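Tertiary structure, described
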Amino acid sequence: DLVVARVVLRDKSLLSEVSIRWWFGLGNPDAVHNNNIRYSLPFSGKQRHVCQSFGGRFSHTGRLHYSVDVDLPPGHQVRACRSGVVQALCNSHDKGGPSRKFAGMANYVHILHSDG
């Protein structure tokens, strides 16, 4: 077992006032990006429209700052830009667009690369 935190509440009467939030991510938080590595496009075929890129105003903030949204037709194959391990994915949404109302409907693939 891996213990990441232990909380001890000495006064049980305060239990209703306690709230805990936490987040974790895989990878090395001290990793340094390797600028010598070249990325391939995550799709084949003709050029595609980039709907939102780094720091996009709709949803690319915080840990999603370096996300890129590409307009691809349904069923189009998406591949990793370079080698890594898939951390998470979602491909269940069929609606989207450049609006905050679609922020919770993103299809995505999160990949852990060797440099973090």
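Everything here concerns the structure above.
What you see is a predicted model, and the numbers here were worked out from it, not measured in a lab.

Calculation rules
- Residues numbered from 1 in each chain as written.
- Predicted model: local features only at pLDDT ≥ 70, side-chain atom pairs only at ≥ 80, totals over all residues.
- Heavy atoms only, no water.
- Helix = DSSP H or I, 4+ residues; strand = E, 2+ residues; numbered from the N terminus.
- Rg over C-alpha atoms; globule rule 2.2 N^0.38 Å.
- Buried < 20%, exposed > 50% of the residue type's maximum accessible area, 1.4 Å probe, protein only.
- Contact = heavy atoms within 4.5 Å.
- Areas by Shrake-Rupley, 256 points an atom, 1.4 Å probe, with all protein chains shown as cover.
- Disulfide = S-S within 2.5 Å.

For the protein, the count of helices and strands is 0 helices and 4 strands. Reading the helices (α) and strands (β) of the protein from amino to carboxyl end gives β-β-β-β. Computed over C-alpha atoms, the radius of gyration of the protein comes to 19 Å, more than 25% over the 13 Å expected from 2.2 N^0.38 for 116 residues, which places it beyond the range of a compact globule. Expressed along its principal axes, the backbone C-alpha trace of the protein runs to roughly 65 × 35 × 25 Å. Per-residue burial for the protein yields a buried fraction of 7% across its 116 residues. Expressed as a percentage of contacts within the protein between residues at least 6 apart in sequence, the contacts between residues at least 24 apart total 49%. As displayed, the protein offers around 10300 Å² of accessible surface, 53% of which is attributable to carbon and sulfur atoms.

Below, the discussion takes up the state of the cysteines. If you walk through the whole model with that rule in mind, you get 0 disulfides. The structure places no disulfide on C51, whose sulfur is separated from the nearest cysteine sulfur, that of C81, by 15 Å. Judged by relative accessible area, which is 38%, C51 ranks as partly exposed.

No statement about biological role is implied by the geometric values presented.
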